[in-house]
Structures are given as C-alpha cells and as structure tokens.
Amino acid sequence: MPSTGHAMSTVDLDLSREAGKPPVLRTPRFDSFDRALDWLTEHQPELKDELHRSGSLLIRGLGVGDASDFGRVRDVLMPRRAGYKEKATPRTDFGEGVFSSTDLPAVQPIRLHNENSYTLDFPGTLLFGCVIAPEEGGATTVGDMREALRLLPPALRDRFAATGWLLVRNFSELAGLPWQKSFATEDPAVVEAYCRDNTIGFEWREDGALRTRQRRSAIVTHAVTGEKSWFNHFAFWNNRTLDTDVRDVLVETYGEDGLPFDTFVGDGTRLTQDEVETVNRIYDQVTLRETWQRGDVMLVDNVLCAHGRESYRGDRKILVAMGDPITLDACRPETAPSTTAFEG
C-alpha cells in the first residue's frame, strides 16, 4: 500500500511507495516554472538521499512541457553532464545534452540495462522526462540491480564475479548502427585510437565493417553507498534473449558470429538457455513500472538501477539527459577491463 507524507531528512515530502512501482514524489502546486525549479534546488539533498535509497524516483507535478523545460530541470538536478559514447541505439538530439530516450520502434520492448555499462566512464545518474504520454504502455521500467545481484544463483554470480562479461559488436549499415555513427567519425584511425585508449579489441573486416570485443566487470560497487550491484548489458544483448524469428533471420544473414550485438560470460563461454532464462526471470522479478503522465520526470541512479522500456501504442515523447559522470575505476570493478576473454 502507498504511504504518503514520508519523512525525508528533516523535511516532509509527499512520497508514495506502492508494490511494483518506483517511488513517486508529488510536488506542491507552483505558480511558475521558476518556482518549481527553486523547489527542486531547495530539496536536492533529500532527493539525492532517496535516489541512493531506492535507485529511482519519479517526480510528478513540475509541469515540464518541452525540451527547454527539461534541460532546466537537468541543470538543477545534474549540473555535471555526461557524454553518450559508443552509441548503440538511434536517438534524436534536441541539443544541450537532451536526447530522445530511444527512437527504436514502438512495438519493440527494451530489456533492463545500465546505460553505457560497457564504457570506462559512464553517467552516474539519468533523468527522463515525459513531454507526450503514450496512449497505452510505454513505461520506462526500472529495476534495482542490488536486488538482482542478491537473487542470482551463487554459482552464476561467482562465474561473473571471477571473469566479468564479454561484449562483441559487429557494426553494419544494415543492422544496428554503423561505426561512423557509433563513434561519431568517418576516420578509421580515430576509431582505432579510441579503441586503444578505451581497452577495446578491434578488427576490420574485408568489406570494411568493424568488429569490436571488450570485457568488462559484471559487478561493481556504488561509489557513495558502498553497495555491490549487477551492472552490465549481458541479458539485453545476449542472442538467446532475441525473438526466435529475429534471431534466425540475423544468423542466416550474418552468421552466428556476425550479430550486431552478442554477449558471453567473461571467459568467452555462453550461458545455457536455462541460465539465460534464470537471469531474465530475475529481471522480471525486480522490474518496477509507473504509467507516464505529461510533465513527469524520473531520476535513475545508473549504477544501482537498470532501466528499460515497454512497447506502446500512440505518440510518445520521452526525453533523457545523462549526468554525474563517473569512472569504472571509482566503482571498484570485480574484474579489470580487457580486450580479450578471461583466461584463468
């Protein structure tokens, strides 16, 4: 059951908690958007405390109407901006570090994942904002990855703790993003320099396509709370989680080793179908969702909490901004970054 009037620090705020939903904070009524921003500024410490406690926080009542309003909220809540590197999905750029959350088709749900979990530095906090609420579905789902880690079977957890996870990407004009868009350059030498600087193995194919390989820690420690968290894209990009028909077409077209994305345990081995389904059931178990209303914003701690998207009908315009950049080293990874599979 929800409980309102929850005490946060020394200030009472209208915060509700309901099973299956992220915490929802309802703001007072404001006579101007400037006053709403003043209120956010005043209560920033309490909001940050709640974000560290719950991993996510939906704020309802600010009246965010467009990308400009959203950018002003971002400047209050996340004044330090984080870049979007090694791009993996199409987004619309609205300028000033504000993007569409994704431009993937409405029918395509997006599994829980931690933003840029495969890079050596990444946003510590994400901010989502609803400018147009979908007619049906379309929630930005969230899930506590501290709880997901606790729910992993010990044998699986130990394998990932010891070897990390391995991401293999094949960049193509026909599936996924071409390397020119992902790395924001037309120059192969720039890509190669970036890969060397960021511990990414790379090889150019005969047709000019690019394949990369990077091993990262699957488990990290939050720099503020000191809690361990399951932090990766393993399930999101694993080929066993693809729709069977989609996977069959991709494999027939590109071959088993040519998929746009694929993931492995850090030693290069695959999980069994049953083990992948175990991970996905855990994600289902921790998933929280709240129906978007126009003007809502939601803070997500990117290390403590993964996010995704439900499929939807009707128009939908959800904005995202990334902030509080943090390095992987600051999160005490269980395994060091590498360009190759782990060899014990």
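These notes cover the structure that comes with them. Position numbers for residues start from 1 in each chain and track the written sequence from start to end. In keeping with the model being predicted, local features are shown solely for residues with a pLDDT of at least 70 and side-chain atom pairs are shown and tallied solely at 80 or more, while totals for entire chains, interfaces and linings include all residues. The side-chain figures draw on all heavy atoms in the structure; neither hydrogens nor water molecules are used.

**Thoughts on the overall build of the protein chain**
Helix and strand assignments follow DSSP, with helices taken as H or I runs no shorter than four residues and strands as E runs no shorter than two, numbered in order from the N terminus. In terms of regular secondary structure, the protein chain is built from nine helices and 22 strands. Taken along the three principal axes of its C-alpha coordinates, the protein chain extends 60 × 45 × 40 Å. Here the protein chain holds 344 residues, and 53% of them are scored as buried. Considering only contacts within the protein chain whose residues lie at least 6 apart along the sequence, 79% involve residues at least 24 apart. When the accessible area of the protein chain is evaluated, it comes to approximately 15100 Å², of which 49% is carbon and sulfur surface. None of His or the chain ends enter the tally, which takes Lys and Arg as positive and Asp and Glu as negative. Note on charges: their place is set at NZ of Lys, CZ of Arg, CG of Asp or CD of Glu. One finds the centroid of the 40 positive side-chain charges in the protein chain at a distance of 2 Å from the centroid of its 54 negative side-chain charges. The buried label goes to any residue with under 20% of its type's maximum accessible area, the exposed label to any with over 50%, and the partly exposed label to all in between, with areas taken from a 1.4 Å probe on protein chains only. Here a residue-residue contact requires only that any non-hydrogen atoms of the pair lie within 4.5 Å. Throughout, the Shrake-Rupley method with a 1.4 Å probe supplies accessible areas, and for residues the shown protein chains are the sole cover considered.

**Topic: the side chain of R215**
Mapped onto the secondary structure, R215 falls in strand β14 (residues 210-216). The buried charged residue R215 lacks any salt bridge partner; its closest oppositely charged side chain belongs to D267, at an N-O distance of 8.7 Å. For the purposes of these results, a polar contact is taken to be a pair of N or O atoms within 3.5 Å, where, inside protein, one atom must be able to donate a hydrogen and its partner to accept one; residues adjacent in sequence count only when each atom of the pair is a side-chain atom. Within polar-contact distance, the side chain of R215 engages the backbone oxygen of T340 at 2.9 Å. Other than its neighbours up to four places away in sequence, R215 contacts T163, W165, L166, G266, T335, A336, P337, S338, T340, A341 and F342. The salt bridge criterion pairs a side-chain nitrogen of Lys or Arg with a carboxyl oxygen of Asp or Glu, the two atoms within 4 Å.

**Description of the nonpolar core**
Buried Ala, Val, Leu, Ile, Met, Phe, Trp, Tyr and Cys residues that are joined via side-chain atoms within 4.5 Å together make up what is termed a nonpolar core. Counting residues in each nonpolar core, the largest one holds 29 residues, and the members touching the most others are M145, F160, W230 and L271. The set of elements that each furnish at least two residues to this core consists of β8 (110-113), α4 (145-151), α5 (154-163), β12 (165-171), β17 (261-265) and α9 (273-286). Residue contributions to this core peak at five residues, all from α9. Those residues in contact with F160 that sit more than four places away from it in its chain are W165, A218, W230, F234, V265 and L271.

**A word on α5**
Taken together, the buried positions of α5 are occupied by L156, F160 and T163. Down the axis of α5, the buried set is contained in an arc of 90°. They therefore lie on one face. Turned more than 90 degrees away from the buried face of α5 sit P154 and A155, all of them exposed. Contacts made by the buried residues of α5 are with β12, β14, β16 (228-230), β17 and α9. G164 lies just past α5 and shows a positive phi near 75°. By arc we mean the arc of the directions from the helix axis to the C-beta atoms, nothing more.

**Observations concerning the pattern of salt bridges**
Following the criterion strictly, the structure yields 25 salt bridges and no others. Note that K21 and E290 form a salt bridge whose closest N and O atoms lie 3.2 Å from each other. Of this pair, K21 sits in the loop between β3 (14-16) and β4 (24-26) while E290 sits in the loop between β18 (287-288) and β19 (297-301), and the two are 269 residues apart along the sequence. Owing to a relative accessible area of 10%, E290 belongs among the buried residues under this scheme. For R313, the salt bridge goes to E136, with nearest N and O atoms at 3.0 Å. Of this pair, R313 sits in strand β21 (residues 312-313) while E136 sits in strand β10 (residues 136-137), and the two are 177 residues apart along the sequence. R313 gets classed as partly exposed once you look at its relative accessible area, which sits at 43%. We classify E136 as partly exposed; its relative accessible area is 45%. One connected set of salt bridges, linked through shared partners, spans E18, K21, R60, E290 and D296.

**A closer look at the sheet that holds β17**
Sheet architecture is open: four strands sit in the order β13-β14-β12-β17, paired in antiparallel fashion. Looking at the sheet topology across the chains shown, the edges are occupied by β13 (201-204) and β17. Each neighbouring strand pair of the sheet contributes to a mean axis angle of 15°, computed without reference to strand direction. Relative to β17, β12 runs antiparallel, the two sharing five bridges. Opposite L166, over in β17, you have F264 as the bridge partner. Those strands touched by α5 are β12, β14 and β17, and its axis lies near 105° from that of β17. Pairs of strands are assigned from DSSP output, requiring at least two bridges between the strands. Every axis in this analysis is a line fitted to C-alpha atoms, fitted for helices over the stretch in contact. Angles between the N-to-C directions lie between 0 and 180 degrees.

**Side note on unusual backbone geometry**
At E96, a position not held by glycine, the phi torsion is positive, near 60°. Residue position: E96 is located in the loop between β6 (93-95) and β7 (98-100). We note that N116 has phi near 55°; this positive angle belongs to a residue other than glycine. With respect to the helices, strands and loops of the structure, N116 is situated in the loop between β8 and β9 (121-132).

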